[in-house]
Number of protein chains: 2
Amino acid sequence: MREISGGVIAAKGFRAAGIHAGVKATELPVGTGAQGGKKDLAMILSDVPCAAAGMFTTNRVKAAPIYVTKGHIAGGVCCGVVANSGNANACAPNSRLHAVEMCAAAAEETGLLPEDFAVASTGVIGQELNIRAILEAMPALTAALRADPSASDDAARAIMTTDTKKKEIAFEFTLGGKTVHAGGIAKGSGMIHPNMGTMLSFVTTDAAITPEMLGQMVHEVVPRTFNRVTVDGDTSTNDTFLVLANGMAGNETIACEGEDYDRLRAALMAVCTDLARKMAADGEGATRLVTCDVSGAQTEQQAEQLARAVAGSSLVKAAMFGADANWGRVLCAMGYSGAPFEPEQVDVAFRSCAGEVAVCRAGSALPFDEALAKTVLSQEEVVIAVTLHEGTAQAACWGCDLTYDYVKINGDYRS
Amino acid sequence: MREISGGVIAAKGFRAAGIHAGVKATELPVGTGAQGGKKDLAMILSDVPCAAAGMFTTNRVKAAPIYVTKGHIAGGVCCGVVANSGNANACAPNSRLHAVEMCAAAAEETGLLPEDFAVASTGVIGQELNIRAILEAMPALTAALRADPSASDDAARAIMTTDTKKKEIAFEFTLGGKTVHAGGIAKGSGMIHPNMGTMLSFVTTDAAITPEMLGQMVHEVVPRTFNRVTVDGDTSTNDTFLVLANGMAGNETIACEGEDYDRLRAALMAVCTDLARKMAADGEGATRLVTCDVSGAQTEQQAEQLARAVAGSSLVKAAMFGADANWGRVLCAMGYSGAPFEPEQVDVAFRSCAGEVAVCRAGSALPFDEALAKTVLSQEEVVIAVTLHEGTAQAACWGCDLTYDYVKINGDYRS
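Model, not experiment: these values are computed from the prediction.

### Some details on the overall build of chain A
Counting its regular elements, chain A contains 11 helices and 15 strands. Computed over the C-alpha atoms, the radius of gyration of chain A is 22 Å, within 12% of the 22 Å expected from 2.2 N^0.38 for a compact globule of 415 residues. Along the three orthogonal principal directions, the C-alpha set of chain A runs to about 70 × 55 × 40 Å. A total of 415 residues make up chain A; the buried ones form 62% of that total.

This is how it looks when you write it as structure tokens:
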């Protein structure tokens, strides 16, 4: 398996586009005479129908596109997705109607059926979507569809809200001698921008697989990747993960578990892990990616529950911002995680490219070099390594630090 | 029932003291030649043995004083409490020993038994407690014991960490014709300073009540007061609530439910509500007290679960800091609270001394006056009022806004 360029168009038979429709305010660069504005409308389309599977927000308040998409992919088949940023199309007048209209307009321009499209939105909630801008832009959007890496780049940028970096990845590998591709784009972070639509991620592959097996795979991969990102504990109304598999790689269709299933799952795992880490690293206001890695656990679930509490603790996150080796907060967060463990057996260390510092052994303080700890914690990627000495299971969760900018970004996002 | 001064010494037969022992760093005012430093050691003592009941942190990682205090009050009797700030005496060498030594030294100076004392600590965890400073200061602490309002003030200040205001209250009322008093002091906030020992609160009353009925009362009052404060979702290793009832008011001992039980509970409820609100308002870096009030619920538990999620949401808290009427975040937090409710029926309004603004009706946006909303949300106390239209139950939770200063305070607290 090797990393390649192309994101969502790396797989054979997929095209993409991203343009400015006018949902986001237009910002013309002053004095340059340049036209246009921030991209806010994206489409991904397969040349042939795809096996489709997705996972969606668990929030009881769901945005309209979630209901529409669930209905459209219920049969396990989908041709493409249309998505906008700038407005979540949630808790606002006519939201269900507008989600349906987006699919209908996409269908009209592509000669397909509305039910062939998934739809997603991300942005502010409680304000009516500017559907007219989207409908008027649909011909330009479909005209821009192309199988070029710049098209995936455009689509990735068109779903961004407060993201500071586009999130895109693709891999090439083989299945039964055939060359296969899987790639994806994403925006936001699992729980970072809940009212902006939080996390959207679209993954494409030219592997051939049945909708049933694809659905199973998604339920194995998402809980170990996107669901292990925590930024502020808030879960959005719009979270959407969707994978489309069009079979154009020509491999024997995966219809049961086995070697091919495992290989494709490994590729999907790699794509989703990469996108999940990029989300955590680009958490609102974040200056570093913070991974909490819990090992020596009795079960993966126990390890995950502990890692999530540590990575999600406001106090741990603030300490990481200050590069402060305040390991007491790590133990404290583990203690209220709800997961059982023996505090008297826990080891804690901080690790990064600058080295490793052990700070706690068997639940009690270790003397350590404060200057080294400061250096270790000042890097862009920091790992909080926890060892339970209770078993052999392991899990990691990804988060980021809590900074002044998080407060700034969220103190007046709506206005 | 009327509010009076005196805090923990308002009740007959209680004395208190607070001094600087040297656990906190001494800070001498430059150029004044003044001696001493921040108060960090407190004692509250009853002239006669008290019925005692408490509630403690649910964190799996518990500080040593928690274990010692639980053992000492297991029989339902206690004479006083000794407490320090500046060090949590948790996850550090000799912590259990030092907690016992604090009680033993208090006993020696007062002619009581170590088991007659509860002990509590709050401050940084993982560093060994400066027990020598505490033991050497014990004679001065007991010598300073007095039944004067300034003594309660001293004790309240001696348990403060990053608190910016002391938290103290007392009430006078009658039970069966006898004048009775109940008062308390507190520091921190339920989940605000987890590694500083978070919340400590000590309440005294001269009411006569059996330990059994006092225990029942505590379990009725604490869940509706202190446990409804949420600041950052972190639960400390040191949370301690303790009430001492010495019976010196001379009322007929409360040994069962009835009118007297209800009156004393109402007083305890008033004391704890006042202290809980003061904690929330003094949340680290907070600029305002934010109450989420959920009414029209089917059950109190449902209302509390929803109110807690809203008051605890980082995004809601950041919006409150910015005085931004971003009600979508309120609905979103309700949606992931885990409590069932019908989003299509929910009304949301913001309320303060400056007025009230309805922003959402039946789950959908209402047009509202943005300028008025800004004014309403810019006050020191703000209420997020949610109506479910499902029943008649109600609950409120108290929190505060999320500010730059929270990040600043917690980014480098330990150093």
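And the narrative resumes.
### Points about the pattern of salt bridges
Applying the stated criterion across every chain, the model contains 34 salt bridges over all chains. The residue K166 of chain B makes a salt bridge to E168 of chain B at a minimum N-O spacing of 2.5 Å. Given the relative accessible area of 28%, K166 of chain B is considered partly exposed. A relative accessible area of 15% places E168 of chain B in the buried class. Put simply, R224, R228, E300, E304 and R308 of chain A are held in one network by salt bridges that share partners.

### Some details on the sheet that holds strand β13 (residues 364–365) of chain A
All names here are of chain A. Ordered in space as β13-β12-β11-β14-β10-β15, the 6 strands form an open sheet in which the pairing is mixed. Strands at the two margins of the open sheet, each flanked by one partner only, are β13 and β15 (393–400). Pairing analysis gives 5 bridges linking strand β11 (residues 347–352) to strand β14 (residues 381–387), with the strands arranged antiparallel. From the neighbouring strand, A349 faces β14, where its bridge partner is A385.

### Observations concerning unusual backbone geometry
Its identity as a non-glycine residue notwithstanding, A323 of chain A has a phi of 50 degrees, on the positive side. The topology assignment puts A323 of chain A in the loop between α8 (314–321) and α9 (328–335). Overall, A323 of chain A belongs to the buried group, its relative accessible area being 6%. We note that C91 of chain B has phi near 50 degrees; this positive angle belongs to a residue other than glycine. By secondary structure assignment, the location of C91 of chain B is in the loop between β4 (77–87) and α2 (95–110).

### Notes on helix α9 (residues 328–335) of chain B
The element α9 of chain B is extensively covered by neighbouring structure, given that 8 of its 8 residues are classed as buried. Taken together, the buried positions of α9 of chain B are occupied by G328, R329, V330, L331, C332, A333, M334 and G335 of chain B.

### Focus on the sheet that holds strand β10 (residues 289–297) of chain B
All names here are of chain B. Read from one edge to the other, the open sheet built from 6 strands follows the order β13-β12-β11-β14-β10-β15, with strand pairing classed as mixed. If you trace the sheet from one side to the other, it starts and ends with β13 (364–365) and β15 (393–400), each paired once. Sheet topology note: the strand β12 (residues 355–361)/β13 ladder contains 2 bridges and is antiparallel. What sits directly across from C360, in β13, is A365. Across the sheet, helix α6 (residues 259–281) touches β10, β14 (381–387) and β15, and the angle it forms with β15 is around 45 degrees. This element, helix α10 (residues 370–377), spans β11 (347–352), β12 and β14 of the sheet and lies at about 120 degrees to β12.

### Side note on the packing of aromatic side chains
All names here are of chain A. Throughout the structure, instances matching the rule amount to 2 aromatic pairs over all chains. Geometrically, the ring pair formed by F226 and F241 is tilted, given 5.4 Å between the ring centres and 45 degrees between the ring planes. Within this pair, whereas F226 is found in the loop between α5 (211–221) and β9 (240–245), its partner F241 is found in strand β9, the two being separated by 15 residues in sequence. The exposure classification of F226 matches that of F241, with both residues buried.

### A look at the packing of helix α1 (residues 64–72) of chain B against α2 of chain B
Residue and element names in this part refer to chain B. For the pair α1 and α2, interaxial distance at closest approach is 8 Å and the crossing angle is 50 degrees. Of the possible angle classes, the one that applies to α1 and α2 is oblique. The crossing of α1 and α2 is right-handed. Packed against α1, whose contacting residues are A64, P65, Y67, V68 and H72, the element α2 presents S95, R96, A99, V100 and C103 at the interface. Its residues assigned to classes, the contact of α1 with α2 comprises 7 nonpolar, 2 polar and 1 charged.

### Description of the confidence of the model for chain A
Residue and element names in this part refer to chain A. In the predicted model, chain A carries a mean pLDDT of 89, and the fraction of residues at 70 or more is 92%. In the model, residues 27–35 has pLDDT below 50 throughout and makes 7 contacts with residues more than four positions away in sequence or in other chains. Reported confidences for the modelled complex are a pTM of 0.77 and an ipTM of 0.71.

### Describing the nonpolar core
In terms of nonpolar packing, the biggest core is built from 70 residues, with F350 and I384 of chain A together with F202 of chain B touching the most fellow members. Membership of the second largest hydrophobic core comes to 69 residues, among which are C78 of chain A together with V290, A325 and A395 of chain B.

### Some words on the side chain of S352 of chain A
Inspection of the secondary structure puts S352 of chain A in strand β11. Here S352 of chain A falls in the buried class, since its relative accessible area comes to 14%.

### Focus: the packing of α2 of chain B against helix α3 (residues 131–143) of chain B
All names here are of chain B. Orientation of α2 relative to α3, taken along the N-to-C sense of each, is 25 degrees, at an axis distance of 9 Å. By the angle between their directions, the pair α2 and α3 is classed as roughly parallel. At the point where α2 passes α3, the crossing takes the right-handed sense. In this structure, α2 contributes H98, E101, M102, A105, A106, E109 and T110 to the contact, and α3 contributes I131, I134, L135, M138, P139 and T142. Class assignment for the residues of the contact of α2 with α3 results in 8 nonpolar, 3 polar and 2 charged.

### Digging into the pairing of strand β8 (residues 200–205) of chain A
Counted residue by residue, β8 of chain A has 6 buried out of 6 residues, so it is predominantly covered. The alternating pattern of β8 of chain A places L200, F202 and T204 of chain A and S201, V203 and T205 of chain A on opposite faces, both of which are buried.

### Remarks on the environment of T142 of chain B
Residue and element names in this part refer to chain B. Within the fold, T142 resides in helix α3. For T142 and A42, which are 100 residues apart along the polypeptide, the C-alpha to C-alpha distance reads 9.4 Å. Once residues lying within four places of it in the same chain are set aside, the contact partners of T142 are M43, E109 and T110.

### Things to note about the environment of C78 of chain A
All names here are of chain A. With respect to the element layout, C78 can be found in strand β4 (residues 77–87). Expressed as a C-alpha distance, the spacing of C78 and A52, which sit 26 residues apart in the sequence, is 5.7 Å. Those residues in contact with C78, other than ones at most four positions away along the chain, are P49, C50, A52, I73, D116, F117, A118 and L244.

### Focus: the environment of L175 of chain B
All names here are of chain B. Looking at the secondary structure, you find L175 in strand β6 (residues 167–175). L175 gets classed as buried once you look at its relative accessible area, which sits at 1%. Placed 67 residues apart in sequence, L175 and E108 show a C-alpha to C-alpha distance of 36 Å. If near-sequence neighbours (up to four positions away) are discounted, L175 is found in contact with V180, A207, N251, I254, D260, R263 and L264.

Each value, and the rule that gives it
Residues numbered from 1 in each chain as written. Chains lettered and ligands numbered in written order. Predicted model: local features only at pLDDT ≥ 70, side-chain atom pairs only at ≥ 80, totals over all residues. Heavy atoms only, no water. Helix = DSSP H or I, 4+ residues; strand = E, 2+ residues; numbered from the N terminus. Rg over C-alpha atoms; globule rule 2.2 N^0.38 Å. Buried < 20%, exposed > 50% of the residue type's maximum accessible area, 1.4 Å probe, protein only. Salt bridge = Lys/Arg side-chain N within 4 Å of Asp/Glu carboxyl O. Pairing = 2+ DSSP bridges. Contact = heavy atoms within 4.5 Å. Axes fitted to C-alpha atoms, helices over the stretch in contact; angles between N-to-C directions. Phe/Tyr/Trp six-rings, centres within 6.5 Å; stacked < 30°, edge-to-face > 60°. Parallel < 35°, antiparallel > 145°, perpendicular 65-115°, else oblique. Left-handed = near helix turned anticlockwise from the far one by under 90°. Nonpolar A, V, L, I, M, F, W, Y, C, P; charged D, E, K, R; others polar. pLDDT = per-residue confidence, 0-100. Core = buried A, V, L, I, M, F, W, Y, C linked by side-chain atoms within 4.5 Å.

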